[in-house]
Amino acid sequence: MATLSAPRRDESPFDAASGIDAGRLLDALPHPVIAVRLDGAIADANGAAETFFAMSRESMRQLNLSQLVANGSPLLDFVEQVKTSGAAFNSYRVELSLGKAGGTDQLVDIFVTPLPELEDGVVVMVQERSLTEKMDRQLNHRGGARSVAAMASMLAHEIKNPLSGIRGAAQLLETEANDSDRALTRLICEETDRIVKLVDRMSAFSDGRPVERESVNIHAVLDHVKKVAQAGFARHIRFHENYDPSLPPVLGNRDQLIQMFLNLVKNAAEAIGEESDGDIELSTAFRPGVRMQIPGSKAPVSLPLEFCVRDNGSGVPEEVMPYLFDPFITTKASGTGLGLALVAKIIGDHGGTIECESLMRRTTFRVLMPIYSPRQGRGEKRG
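**A closer look at helix α10 (residues 254-272)**
Taking 1.5 Å of rise per residue, 19 residues should cover 27 Å, and α10 covers 27 Å from first to last C-alpha, within 8% of that figure. One side-chain oxygen at the N-terminal end of α10 lies 3.2 Å from the backbone nitrogen of D255; it belongs to N253. Downstream of α10 by one or two residues, G273 has phi in the positive range, about 70 degrees.

**A look at the pairing of strand β10 (residues 279-286)**
In terms of residue burial, β10 counts as a mostly covered element, since six of its eight residues are buried. Two elements, strand β8 (residues 238-242) and β10, share five bridges in a ladder whose sense is parallel. Note on β10: the bridge partner recorded for R238 is D279. Both β10 and strand β13 (residues 305-311) contribute to a ladder of seven bridges, which runs antiparallel. Pairing of L282 across the sheet is with V309, part of β13.

**Focus on helix α9 (residues 218-231)**
Relative to the 20 Å expected for 14 residues at 1.5 Å per residue, α9 spans 20 Å between its end C-alpha atoms, a close match to the ideal helical length. For α9, the complete set of buried residues consists of I218, H219, V221, L222, V225, K226 and A229. Buried residues along α9 cover an arc of 155 degrees about the axis, so they all sit on one side. Summarising the geometry of α9, the exposed residues directed more than 90 degrees from the buried face are K227 and A231. If you follow the buried residues of α9, they end up packed against β7 (214-216), β8, β9 (250-252), α10, β10 and β13. Where α9 begins, the capping side chain belongs to N217, and its oxygen is found 2.9 Å from the backbone nitrogen of H219.

**Thoughts on the packing of aromatic side chains**
Taken as a whole, this structure holds three aromatic pairs when the rule is applied. Here the aromatic rings of F78 and F89 are separated by 4.9 Å at their centres, their planes lie at 40 degrees, and the arrangement is tilted. Of this pair, F78 sits in helix α5 (residues 74-85) while F89 sits in strand β3 (residues 89-97), and the two are eleven residues apart along the sequence. Comparing F78 with F89, the two get one shared label, buried. The interplanar angle of 65 degrees and the centroid separation of 6.2 Å between the aromatic rings of F261 and F307 together place this pair among those described as edge-to-face. Here F307 lies in strand β13 and F261 lies in helix α10, a separation of 46 residues in the sequence. For F261, a relative accessible area of 1% translates into the label buried.

**Re the side chain of S283**
Mapping S283 onto the fold places it in strand β10. Apart from the residues within four sequence positions on either side, S283 is in contact with N242, Y243, E306, F307, C308 and R310.

**Quick word on unusual backbone geometry**
With a phi angle near 60 degrees, A54 is a residue other than glycine that sits in the positive phi range. Position of A54 relative to the elements: it lies in the loop between α2 (47-53) and α3 (57-60). Assessed through its relative accessible area of 55%, A54 is described here as exposed.

**A look at the environment of A48**
If you trace the backbone, A48 turns up in helix α2. Counting along the chain gives 14 residues from A48 to I34, while the straight-line C-alpha distance between them is 9.6 Å. For A48, the contacting residues outside a window of four places in its chain are L29, P30, H31 and P32.

**Focus on the nonpolar core**
By size, the foremost hydrophobic cluster in this structure holds 41 residues, and its most contacted members are M260, F261, L264, I280 and L324. Residue assignment for this core shows that the elements contributing at least two residues are α9, α10, β10, β13, α11 (339-349), β14 (353-359) and β15 (362-369). Looking at this core element by element, the count peaks at nine residues for α10. The residues touching L264, leaving out its near neighbours within four places in the chain, are V309, L340, V343, I354, F365 and V367. Formed by 27 residues, the second largest nonpolar core is a distinct cluster that contains I34, F52, M55 and F78.

About the cut-offs
- Residues numbered from 1 in each chain as written.
- Predicted model: local features only at pLDDT ≥ 70, side-chain atom pairs only at ≥ 80, totals over all residues.
- Heavy atoms only, no water.
- Helix = DSSP H or I, 4+ residues; strand = E, 2+ residues; numbered from the N terminus.
- Expected span 1.5 Å × (residues − 1).
- Polar contact = N/O pair within 3.5 Å; in protein donor to acceptor, adjacent residues only side chain to side chain.
- Buried < 20%, exposed > 50% of the residue type's maximum accessible area, 1.4 Å probe, protein only.
- Pairing = 2+ DSSP bridges.
- Arc of directions from axis to C-beta.
- Contact = heavy atoms within 4.5 Å.
- Phe/Tyr/Trp six-rings, centres within 6.5 Å; stacked < 30°, edge-to-face > 60°.
- Core = buried A, V, L, I, M, F, W, Y, C linked by side-chain atoms within 4.5 Å.

Structure follows, in structure tokens:
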């Protein structure tokens, strides 16, 4: 693998020491990338950065980062934080005002990582509205879940009671019916039972009771989910674990987390179908520095716990992706479209968020959640 050697002042830090042309590799990236020296001077940039900042890399090399962006830009604080801590830092939904590049505002995601080879400088990558758009859709998913909650309350009262009467009447008719009519009464009973189950599933959205939360070992949850899946709907699928053993606990409700991950694993198993080479990977990781704006919080919340369910199934159709977590959206002939909507609600209730990336033979559901803290865990009930 190519390594970066310490560059001279007139040398690009992206020049590879081996035979790989790292400069061309970076120019192929669609996202702006710049290298910043310890003193704030711009050392190098890729082609996407030239387009984004509306100036050539030669011009950028004559500038300091504080000249490239507007005064008071949060990017300056992020870079200083990385220089001080020596750890990578990510931030989403950041308003970036450009300095000499025209003074326009851009809503972006920012990733800053140390680059010791560059005299303890840093590398900055700017991503325009990619993950941010997913977070916007997450807000819509929660709004959809609230709509289902109101509908579920109405359905439970207005539909389940009449259905009980219909089923009872059908059972009475069945005692005096002939064989052909008895088949119809059984059909009535089966269909009423099916509707009751659908209403019961929707009722999960309207449960507003406080939920007991505590310190939860997510690996124990995932192991339990795996055992349940392998004993039933996913018995023909290979499972792989890629866990971070040092991961801290999450503040959550164990039963709800099991339900949520079971839904994701079942969704993955159904995407694989009966394929003989089906694989599901469960992974956990710690991503320090990941912050997002969560509803109900004035400041961005740290979400360093990352849990992924990845499968090699058929993937999610592109036209469905924007609505994937909306109620009643499904690609399955017999699906209700409530499983992923319930997943989004549970994660939202836990103060986290979920995103999906899907390609043919590689679909990843990524859950980001906050860390458990003893202060939160002392008798706290949160709905």
